[in-house]
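Structural description and commentary
Spelled out from the first residue to the last, the chains are:
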Amino acid sequence: MSYGLTVLGSVNLDLIVQLDVLPKAGETVTGGTYSALPGGKGANVAVAARRLGAETEIVAVVGNDDYAVQALVNLDAEGVYLDAVKKVDAHTGLAFISVAAGGENQIAVASGANAAFTPEHLPKLCSDVLITQFEIPINVIEAALDGYKGYVAVNASPVCDGVNAILQRADLIIVNEGEAARYDLSGHAGLIAVTLGAKGAELRRAGQVIAVALPPKVDVVDTTGAGDAFAAALTVALAEGQSEQDALDFACAVGALTTTRLGTQTASPRRAEVDRLLGR
Ligand code: RIB
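Quick summary incoming for the structure in this document. Source: prediction; values computed, not measured.

1. Regarding the nonpolar core
One finds L5, V11, I58, L75, F230, L234 and L248 to be the most contacted residues of the largest nonpolar core, which totals 52 residues. Of the residues forming this core, the biggest block, nine residues, is contributed by helix α6 (residues 226-240). If near-sequence neighbours (up to four positions away) are discounted, L234 is found in contact with L172, I174, A193, L203, A247, L248 and A251.

Written out as structure tokens, the structure reads:
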């Protein structure tokens with residue numbers, strides 16, 4: 001079957017503790033509030049894109065366990081196609097996330113089933129657009145891109161070695177400032193979006209800045225997943241044919257709205273909320 005947007009990536013269950021301050025290395029901080037919410041950079045992108053109106057499938061691997069049931073519940077509820085989600089004999093990916101009062105976070109991931117993803121798990125990919133990130137094995141992404149004819153967006157997170165061929169193939173690369181400094185993107189001919197946190201984002205082509213956007217002012221609760229939602233929104237907006245400036249404004253608004261609520265997928269805005277914020 002063919003879908004407009006394929007998300008190739010991770011599925012995690014996020015085990016979250018909200019604290020006044022983040023612990024330093026070797027320190028214990030008590031008194032936190034616990035939540036378990038669906039996450040994973042791949043799943044977050046899929047839910048964000050779906051909530052913005054894209055026909056979306058996710059290609060992913062989970063464990064044969066109860067964590068998978070919790071991790072997939074939002075994807076299913078939002079109408080993301082799950083036919084290409086395979087189960088393996090490993091625990092579903094788990095992310096241990098601490099969130100401080102100002103919204104800053106720390107994330108440690110036990111990759112589990114995401115690390116057991118192999119090229120044999122891939123279906124034939126025939127969508128118009130594919131978006132991926134680096135929370136699954138790189139050889140799976142390489143295999144998926146081999147012969148893929150559509151538009152490729154890569155959210156180059158978390159920072160990963162040995163991904164030059166993937167970045168060269170990408171029509172759109174999305175990075176934050178820290179990630180941008182860790183990759184050699186100088187010869188890239190496509191679009192590069194650099195997120196700048198509270199300062200917004202810029203879009204570059206062939207080393208030239210072609211659009212800049214400031215995020216709307218919001219009250220930040222949790223910054224987790226804002227980059228995933230931004231990547232989804234920018235990819236969807238460009239695929240819809242929005243101008244580069246409009247697409248960047250749209251993605252910044254989606255990223256900002258995502259920070260106003262706890263969690264990632266649960267915080268991801270729907271189209272109407274974004275349009276209202278942008279006055280469209
Ligand atoms: O980008 C945020 C995501 O990173 C979380 O949902 C967590 O699962 C980790 O993968």
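2. As for the site of the ligand
Neighbouring residues of the ligand: N12, D14, G39, G40, K41, N44, A95, E135, T224, G225, D228 and T264. Between the ligand and K41, the relevant distance is 2.8 Å, taken from an oxygen atom to a side-chain nitrogen or oxygen of the residue. Between an oxygen atom of the ligand and a side-chain N or O atom of N44, the distance comes to 3.0 Å. Burial of the ligand by the protein chains amounts to 97% of its free accessible area of 280 Å². Among the secondary structure elements, those contributing two or more residues to the shell around the ligand are β2 (12-18) and α1 (41-51). Here the residues of the shell around the ligand are counted per class, giving one nonpolar, seven polar and four charged.

3. Quick notes on the packing of α6 against helix α7 (residues 244-258)
At their nearest, the axes of α6 and α7 sit 8 Å apart, and the two run at 150° to each other. Our classification of the angle between α6 and α7 gives roughly antiparallel. As for how α6 packs across α7, the hand of that crossing is right-handed. Contacts between α6 and α7 involve A226, A229, F230, A233, L234, A237 and L238 from the former and E244, A247, L248, F250, A251, C252, V254, G255 and T258 from the latter.

4. A word on the side chain of Q242
Locating Q242 in the fold gives a position in the loop between α6 and α7. A polar contact of 3.1 Å, which involves the side chain of Q242, links it to the side chain of R280. In this view, Q242 contacts A237, A247, F250, R271 and R280; residues no more than four positions away in its chain are not counted.

5. Let's talk about the sheet that holds β2
In a beta sheet, neighbouring strands are held together by backbone hydrogen bonds and run either parallel or antiparallel to one another. Ordered in space as β3-β2-β6-β7, the four strands form an open sheet in which the pairing is mixed. Each edge of the open sheet carries a strand with a single partner, namely β3 (33-39) and β7 (105-110). Adjacent strand axes in the sheet meet at a mean angle of 20°, parallel and antiparallel pairs treated alike. Relative to strand β6 (residues 93-99), β2 is paired through seven bridges, and the arrangement is parallel. Along β6, the bridge assignment pairs I16 with I97. Its contacts with the sheet put helix α2 (residues 66-78) on β2, β3 and β6, and the angle it makes with β3 is roughly 70°.

The rules behind these values
- Residues numbered from 1 in each chain as written.
- Predicted model: local features only at pLDDT ≥ 70, side-chain atom pairs only at ≥ 80, totals over all residues.
- Heavy atoms only, no water.
- Core = buried A, V, L, I, M, F, W, Y, C linked by side-chain atoms within 4.5 Å.
- Buried < 20%, exposed > 50% of the residue type's maximum accessible area, 1.4 Å probe, protein only.
- Helix = DSSP H or I, 4+ residues; strand = E, 2+ residues; numbered from the N terminus.
- Contact = heavy atoms within 4.5 Å.
- Near = heavy atom within 4 Å.
- Polar contact = N/O pair within 3.5 Å; in protein donor to acceptor, adjacent residues only side chain to side chain.
- Areas by Shrake-Rupley, 256 points an atom, 1.4 Å probe, with all protein chains shown as cover.
- Nonpolar A, V, L, I, M, F, W, Y, C, P; charged D, E, K, R; others polar.
- Axes fitted to C-alpha atoms, helices over the stretch in contact; angles between N-to-C directions.
- Parallel < 35°, antiparallel > 145°, perpendicular 65-115°, else oblique.
- Left-handed = near helix turned anticlockwise from the far one by under 90°.
- Pairing = 2+ DSSP bridges.

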